[in-house]
Amino acid sequence: MEKQSTISTHFIAIGVLIVLSFGIYANSLQNGFVWDDKHLFIDNSHRWDWRNLRQLLLGPDDLFGITHNPYYRPLPNVTFLLDRYLWGRQAFGFHLSNILFHVFCTIAVFYTSRAILNSLPGGFVSGLIFALHPIHTEAVAWISGRNNVLAGLFYVLAFYYYVRFRQSNRLRLYVLSVVSFAFSLISKEYAVTLPVMVMLYEICCLKKQEYHGTKSPIGTIGKLSGPYLLMFAVYVWIRSVVLAGYAAVDLQWETFYFRLLTVPKIIFAYLKLLAFPIQLNAFHTGAWVESPYDPEFALQTASVVSLLCIWGISLKKSPPLFMCLSWFLVTLLPVLNVLPIPNSNRFIAERYMYIPAVGFSMFTAWGFMKFFGARNTRQPLRRYGAVFLLLLVAEFLGFETIKRNWVWHNDVMLWQDTVEKSADSFMVRFNLSVALYKAGRRDEALAEIVQAVRLNPNDSNAHFIHGVILYEKKKFDQSLTALESALELNPEHRGASEFIHKIRTGSSPIPLPNGN
């Protein structure tokens, strides 16, 4: 009878998580193509064709020459191809796929957390926090953020299958784990940390009975992590072949010292976003820490050192806590910008938290179970308090996520929200100006492009957009001045040349380019 009750509770938990993780993003189904989405899926929709499947699988992730990033991420592109086949140019279907992948990942987080915490309620709380956390809106509500969701889904599955393999010794689970790791890698390269997580899990097991009498625990750990390292080596080889024509990523050694000093600031910022997700932003701005004598550096470093001390102590005191903190700290490593993130002029992005947030969710569930666990819930007041607190947290996270989804509804709403939080960002002002222009709001577009030119007077595209808007407002002399500035900064700027020609001869205009 007790076993049947446990099974029923298990399926109820799964059902609730499915409904909530889908329902919380349901309003994003009304969203359109936003930011890079329009250029990828509207302007170049004809490129998503089955005849290009070979290029998607074996080519660089330059998306048919649209961008030039040193990435190899074929799996997300294959899913986009399927969406294009099923839904055409309807954004609804693309958003639906993102949501479904998030639902699957939420269930995977539930199972993984239950295994780590050895608690079904703990797994449910962890899955609930992960499902509802608004920091995921950038990865889920933005179609182009899908690579983060797919990488997260297969990363969690790979670790879960490994844990189940160690518990049951069924080889097929081990194979599934390694294959899932491969899928995670070809979704996004940040999955490289999984072999480290496997090793740390084994270190947690050193005190267990299975290691008693083992002559070489290190050898066992090496043997178990070997297939993952081999898979990683194969991935690196394929990636190097695919990207052979691309220049190596610039390691920017001249800023290495500053990037190193900024690491505590980045960790602290991500922790704050996870714990208090009320100032979410599509384009976080910030400056490098340039001196170890900066008061903020001392405070942030002390916080990070304290976290690392707790992590170290927890290895002996509480292995589940050790694994929760390990997950967050280890999966955070690739996005700390110690090795510069290619093609990025910022060091914080919310989509980077999709995998590390699993560790935060498990940690939250661990703390919740410690305070409201079975031993403590015998007191009715504490039991009701636990339910009330969980509902309160879920309501807050859910409300913030639903509200944040709407920000990603269209380009104007996205960049207006972003300008409020990053008013001194040239790119944000520029993109808002372009979005307003395309929405027919010329006066507002003009005000924004003036601010963009002020922030970066050396950008030829900003002067060009300024000139185009002035031309449409029939301010021809000012338009000519702005366009000539664009041409002076970039003598090969075709758009500026053609519009100057239009002003002087009255020929047909050219289309306005997309935002950066």
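This text follows the structure it describes.
Here goes a summary of the coordinates provided. (Residues numbered from 1 in each chain as written. Predicted model: local features only at pLDDT ≥ 70, side-chain atom pairs only at ≥ 80, totals over all residues. Heavy atoms only, no water.)

1. Some details on the overall build of the protein chain
Secondary structure summary: the protein chain contains 22 helices and 0 strands in total. Buried positions account for 52% of the 516 residues belonging to the protein chain. Pairs at least 24 residues apart make up 73% of the contacts formed inside the protein chain by residues separated by at least 6 positions. Surface summary for the protein chain: the accessible area is close to 24,500 Å², and the carbon and sulfur share equals 63%. (Helix = DSSP H or I, 4+ residues; strand = E, 2+ residues; numbered from the N terminus. Buried < 20%, exposed > 50% of the residue type's maximum accessible area, 1.4 Å probe, protein only. Contact = heavy atoms within 4.5 Å. Areas by Shrake-Rupley, 256 points an atom, 1.4 Å probe, with all protein chains shown as cover.)

2. What to know about the packing of aromatic side chains
In the structure shown here, the tally under the stated rule is 36 aromatic pairs. The interplanar angle of 75 degrees and the centroid separation of 5.9 Å between the aromatic rings of Trp 50 and Tyr 85 together place this pair among those described as edge-to-face. Residue Trp 50 is located in the loop between α2 (36-41) and α3 (53-58), and its partner Tyr 85 is located in helix α4 (residues 74-87); the two are separated by 35 residues in the primary sequence. An angle of 15 degrees between the planes, with centres 4.6 Å apart, marks the rings of Phe 165 and Tyr 174 as stacked. By the burial criterion, Phe 165 is buried, and Tyr 174 matches it. Taken together through their ring pairs, the aromatic side chains of Tyr 155, Phe 159, Tyr 162, Phe 165, Tyr 174, Phe 181, Tyr 201, Tyr 228 and Trp 327 make up a single cluster. A cation sits over an aromatic face here: Arg 73 above Tyr 71, 3.8 Å from the ring centre. Directly above the aromatic system of Tyr 437 lies the positively charged group of Arg 442, at a separation of 4.1 Å from the ring centroid. (Phe/Tyr/Trp six-rings, centres within 6.5 Å; stacked < 30°, edge-to-face > 60°. Lys NZ or Arg CZ within 6 Å of the ring centre and 35° of its normal.)

3. Quick look at the environment of Phe 368
Note that Phe 368 resides in helix α15 (residues 356-372). Considered as a pair, Phe 368 and Leu 389 are 21 residues apart in the sequence and their alpha carbons are 9.6 Å apart.

4. Points about unusual backbone geometry
You will see that Asn 169, though not glycine, has its phi angle at about 65 degrees, which is positive. Structurally, the position occupied by Asn 169 is in the loop between α8 (146-168) and α9 (171-185). In this structure Asn 169 comes out as exposed when scored by relative accessible area, which is 60%.

5. Focus: the pattern of salt bridges
Per the stated rule, a full pass over the model turns up 14 salt bridges. For Glu 472, the salt bridge is made with Arg 442, and the minimal N-O distance between the two is 2.7 Å. Of this pair, Glu 472 sits in helix α20 (residues 460-472) while Arg 442 is found in helix α19 (residues 442-455), placing the two residues 30 residues apart along the sequence. Taking the relative accessible area as the measure of exposure, Glu 472 reaches 35% and is therefore partly exposed. Residue Arg 442 is classed as partly exposed on the basis of its relative accessible area of 27%. Where Arg 494 meets Glu 498, a salt bridge forms, and the shortest distance between an N and an O atom there is 2.6 Å. (Salt bridge = Lys/Arg side-chain N within 4 Å of Asp/Glu carboxyl O.)

6. Points about the side chain of Glu 400
Within the secondary structure layout, Glu 400 lies in helix α16 (residues 380-407). Here Glu 400 falls in the buried class, since its relative accessible area comes to 11%. Here Lys 403 takes part through its side chain, which lies 3.4 Å from a polar atom of the side chain of Glu 400. Every residue in contact with Glu 400, bar those within four places of it in the chain, is listed here: Pro 134 and Pro 277. (Polar contact = N/O pair within 3.5 Å; in protein donor to acceptor, adjacent residues only side chain to side chain.)

7. Some points on a nonpolar patch on the surface
Taken together, Trp 50, Leu 82, Tyr 85, Leu 86, Trp 87 and Phe 92 make up a surface patch of nonpolar side chains, about 640 Å² in accessible area. Element by element, the count of residues in the nonpolar patch is highest for α4, at 4 residues. Tracing the backbone through its elements, the reader meets Trp 87 in helix α4. By relative accessible area, which is 31% here, Trp 87 ends up partly exposed. (Patch = residues over 30% accessible without salt bridge, like charges linked within 9 Å, V, L, I, M, F, W, Y side chains within 5 Å.)

8. Let's talk about the side chain of Ser 97
Assignment of secondary structure puts Ser 97 in helix α5 (residues 91-117). Those residues in contact with Ser 97 that lie beyond four places of it in its chain are Asp 83 and Arg 146.

9. Quick word on the nonpolar core
Soluble, globular proteins show a tendency: their nonpolar side chains are buried together. Ranked by internal contacts, the top residues of the largest apolar core, which has 102 residues, are Phe 159, Tyr 270 and Trp 327. By residue number, the principal contributor to this core is α8, which donates 13 residues. The contacts of Phe 159, once residues within four sequence positions are left out, are Thr 112, Ile 116, Leu 194, Met 197, Tyr 201, Met 323 and Trp 327. Counting 40 residues, the second-largest nonpolar core is a separate cluster that includes Trp 142, Ala 282, Val 419 and Leu 480. (Core = buried A, V, L, I, M, F, W, Y, C linked by side-chain atoms within 4.5 Å.)

10. Structural notes on helix α17 (residues 411-421)
When we look at burial in α17, the residues that qualify are Asp 411, Val 412, Leu 414, Trp 415, Asp 417, Thr 418 and Val 419. The N-capping residue of α17, defined by a side-chain oxygen 3.2 Å from the backbone nitrogen of Val 412, is Asn 410.

11. Details of the state of the cysteines
Inspection of every chain in the model, using the stated rule, returns 0 disulfides. Free of any disulfide, Cys 324 has its nearest cysteine sulfur in Cys 204, 9.8 Å distant. (Disulfide = S-S within 2.5 Å.)

12. Concerning the packing of α8 against helix α10 (residues 194-204)
Viewed as axis vectors pointing N to C, α8 and α10 meet at an angle of 30 degrees, and their least axial separation amounts to 11 Å. Relative to α10, the element α8 lies roughly parallel. α10 is crossed by α8, and the crossing has right-handed handedness. Residues Tyr 155, Ala 158, Phe 159, Tyr 162, Val 163, Arg 166 and Gln 167 of α8 form the contact with α10, whose own contacting residues are Leu 194, Met 197, Val 198, Tyr 201 and Glu 202. Taken together, the residues of the contact of α8 with α10 break down into 9 nonpolar, 1 polar and 2 charged. (Axes fitted to C-alpha atoms, helices over the stretch in contact; angles between N-to-C directions. Parallel < 35°, antiparallel > 145°, perpendicular 65-115°, else oblique. Left-handed = near helix turned anticlockwise from the far one by under 90°. Nonpolar A, V, L, I, M, F, W, Y, C, P; charged D, E, K, R; others polar.)

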